[in-house]
Structures are given as structure tokens and as C-alpha cells.
Amino acid sequence: MNAGILGLGRYLPDKIITNADLEKIMDTSDEWIRTRTGIEERRIANDDIDTSDMAYEAAKAALKNAEISAEEIDMILVATVTPDQSFPSVACMIQEKLGAMKAAAMDVSAACAGFMYAMITAQQFIKTGAYKHVLIVGVEKLSKVTNWEDRNTAVLFGDGAGAAVLGPVSDGKGVLSFELGADGTGGKHLLQEGDFIHMNGREVFKFAVRQMGESSLGVLDKAGLTKEDVDLLVPHQANIRIMEASRERLGLPLEKMTKTVHKYGNTSSASIPMALVEEMEAGRIKDNDLIVMVGFGGGLTWGAIALRWGK
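Please read all numbers here as calculations on a predicted model, not as lab measurements.

Peer 1: Would you mind going over the nonpolar core in detail, with residue names and values included?
Peer 2: Leu220, Leu233 and Phe296 are the most contacted members of the largest nonpolar core, which has 39 residues in total. Mapped onto this core, the elements with two or more residues apiece are helix 7 (201–222), helix 8 (240–250), strand 12 (290–297) and strand 13 (301–308). Counting residues per element, this core draws most heavily on helix 7, which supplies six residues. Dropping the residues within four chain positions of it, Leu220 is found in contact with Leu225, Thr226, Lys227, Val230, Leu250, Leu290 and Val292. Leu8, Leu77, Val277 and Ile285 belong to the second largest nonpolar core, which has 31 residues in total.

Structure representation (C-alpha cells):
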């Protein structure tokens with residue numbers, strides 16, 4: 001049984017922090033941030049909005065878009081590294097809020113590759129026939145683990161949530177191939193140490209440029225497809241230079257790569273589903289399009305999916 005995306009939704013906090021705003025509180029500049037990352041602004045959640053609140057709003061929107069009721073959901077998977085607390089999980093919290101009382105629920109921790117990990121976990125349950133509908137959410141409140149005095153990391157991150165409902169789709173549609181991976185020896189380069197995110201930018205950059213390109217080509221090869229078959233590349237929105245390297249590896253024109261990093265910054269596991277919503281709402285995803293999604297994150301982790309759009 002093929003598994004594909006039946007509906008999408010997202011939540012964006014109202015508060016916008018621009019590069020000019022950051023110039024006032026740290027030694028940085030709009031030009032420095034834009035030329036190195038492509039980021040111009042990011043969304044930051046208010047203190048009274050936590051990860052589960054954002055996840056709930058994105059989940060509601062995805063269910064509405066899929067025309068699926070909460071009672072029809074068999075499982076909820078939430079990809080996050082910034083849960084409200086250790087337990088109960090964000091997935092359990094939104095299960096209660098949604099009224100999805102049939103659903104099993106758990107969180108998935110794979111940092112910025114979390115949505116890829118959750119999506120393939122869902123696909124396996126659907127493919128075997130164990131479950132029919134799985135709700136997955138990528139959500140982060142990275143602002144609560146960001147050191148606003150560290151200009152090397154504070155300029156990068158934002159908050160938000162993206163969600164998808166996965167379910168059975170017709171032959172030739174949905175997930176065609178995937179690749180998931182991890183390299184725990186690189187965990188020291190991107191981690192939460194104490195209260196805040198710490199990153200060895202040089203090492204993470206080298207890893208990401210290599211792995212994003214290799215994984216994108218890998219899933220195409222597994223699906224028996226070529227670079228010429230790709231209609232849309234949806235990379236993790238971490239850094240425009242890393243994203244551009246992936247696009248060039250696939251030989252794609254600019255218009256075939258999703259770009260939201262300039263508006264939202266790096267939202268970790270939320271970035272790919274949020275970008276998919278943007279493309280869907282703009283009418284740039286069409287039935288039968290071949291979409292390659294690829295992400296990398298702390299762990300170090302990575303994941304890529306080749307997906308044929310449609311039901």
C-alpha cells in the first residue's frame with residue numbers, strides 16, 4: 001500500500017525579528033547575516049506559546065486540508081527537539097487537544113532531519129496496512145534554547161510548525177524511495193549543551209553540503225529516476241549556501257528549489273513541512289510532480305525522500 005501526503009498545514013508565530021532588530025542587541029549586521037545565511041527575518045513565539053500550542057494549530061490545519069477527522073487518525077508522530085517538557089510527549093498533548101483518542105502517539109528526536117524520520121516511520125505503518133492515517137508534525141520553539149548573546153547561532157533560528165496527514169494513495173504516487181542516516185561521531189559539532197545550542201559552523205557546513213547532495217542523488221537512484229525527472233527540490237531551510245549546493249548538485253534551475261529561509265530562518269524539523277505548505281498555497285505543486293525532500297541535523301542525522309505528489 002503506497003503512502004502519500006493527503007493534507008498539509010502550518011503555524012507561524014506573529015512576532016517577526018528582523019536582522020535590523022538583531023543589530024541593536026549584538027555585534028552583527030544585516031549584510032553579514034544575509035551574505036552568509038540568506039536569512040532576513042525569523043518568527044519568534046511569545047512566552048505564553050509553547051511547542052505543543054504551535055503543533056496543535058498546524059495539526060488542525062493539516063486535518064482540515066486533508067478532510068480527515070481527528071477520530072480517523074491512527075497515530076501521531078511529532079518531530080521536535082524542543083518539547084514543552086520531557087513527558088508527556090508533545091504528541092500526547094496534541095492528541096488530547098485534537099480529540100484523536102484512537103491514535104498512538106510519540107515524539108521523534110532527530111533534530112532538523114526529524115520530519116524525514118517521522119514521515120518514513122509513518123510510511124512503514126501505512127505500507128504494511130497496520131495503520132491507515134498518520135498525522136506527523138515538525139515543530140520547534142528554538143528561541144527557548146538560543147543564546148541571544150552568541151551572534152554565530154542567534155541569527156540562524158526561528159520558531160514554527162508544519163504538519164502533514166499521511167495515508168494510502170494510488171499506485172505510482174506517494175513515497176517512492178527514502179534514505180535515513182546518522183553519524184554519532186559528529187554529534188559534538190551541533191548539540192544542546194546546558195541551556196543553549198552550540199555549533200561548529202565550519203564542520204556542520206562541510207557535512208551538510210556533502211550529505212544533502214549525496215542523499216538527494218541517492219533517493220533518485222533508488223527510485224530509478226534521474227535529476228531531469230525532479231520538479232521540485234525542498235531542502236531543509238538552514239542556510240542558502242548549503243541549499244544552493246544541493247540545487248547545483250542536481251543541476252536544477254532556481255525556480256525548482258523551494259526557498260523560505262529568508263523569511264523564517266532555520267526552524268529545524270518544521271522547515272520542510274512549512275516550505276511544502278508555502279508551495280501548495282502558491283499553487284506551485286501539481287499532481288504527479290516529483291518532489292525531493294532532504295534534510296540534515298544534529299546527531300548528526302540526515303534524511304531524504306523522493307515523493308510523487310497526488311492521491
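There's plenty left to go through after this.
Peer 1: Give me the sheet that holds strand 7 (residues 159–169): which residues, what numbers.
Peer 2: One open sheet holds the five strands; their spatial order is 1-7-6-4-5, and the pairing between them is mixed. One side of each edge strand has no neighbouring strand; the edge strands of this open sheet are strand 1 (2–11) and strand 5 (104–108). On average, adjacent strands in this sheet sit at an angle of 20° to one another, irrespective of strand direction. As judged from the five bridges shared by strand 4 (residues 75–79) and strand 6 (residues 134–141), these two strands associate in the parallel manner.

Peer 1: Report on the packing of helix 3 (residues 51–66) against helix 4 (residues 90–98), specifying residues and quantitative values.
Peer 2: Closest axis-to-axis distance for the helix 3/helix 4 pair is 9 Å, and the angle between their directions is 55°. Classed by the angle they form, the pair helix 3 and helix 4 counts as oblique. In terms of crossing hand, the pair formed by helix 3 and helix 4 is right-handed. The segment helix 3 lies against helix 4, with Thr51, Ser52, Asp53, Ala55, Tyr56, Ala59, Lys60 and Leu63 engaging Val90, Met93, Ile94, Lys97 and Leu98. Here the contact of helix 3 with helix 4 is built from residues that sort into eight nonpolar, two polar and three charged.

Peer 1: For the sheet that holds strand 12, give the residues involved together with the corresponding values.
Peer 2: Sheet architecture is open: four strands sit in the order 8-13-12-11, paired in mixed fashion. The sheet terminates laterally at strand 8 (174–182) and strand 11 (232–235), the two strands that pair on one side only. Within this sheet the neighbouring strands show an average axis-to-axis angle of 10°, counted without direction. Where strand 8 and strand 13 come together, eight bridges link them in antiparallel fashion. Counted as the bridge partner of Gly181 is Trp302 from strand 13.

Scoring rules and cut-offs
- Residues numbered from 1 in each chain as written.
- Predicted model: local features only at pLDDT ≥ 70, side-chain atom pairs only at ≥ 80, totals over all residues.
- Heavy atoms only, no water.
- Core = buried A, V, L, I, M, F, W, Y, C linked by side-chain atoms within 4.5 Å.
- Buried < 20%, exposed > 50% of the residue type's maximum accessible area, 1.4 Å probe, protein only.
- Helix = DSSP H or I, 4+ residues; strand = E, 2+ residues; numbered from the N terminus.
- Contact = heavy atoms within 4.5 Å.
- Pairing = 2+ DSSP bridges.
- Axes fitted to C-alpha atoms, helices over the stretch in contact; angles between N-to-C directions.
- Parallel < 35°, antiparallel > 145°, perpendicular 65-115°, else oblique.
- Left-handed = near helix turned anticlockwise from the far one by under 90°.
- Nonpolar A, V, L, I, M, F, W, Y, C, P; charged D, E, K, R; others polar.

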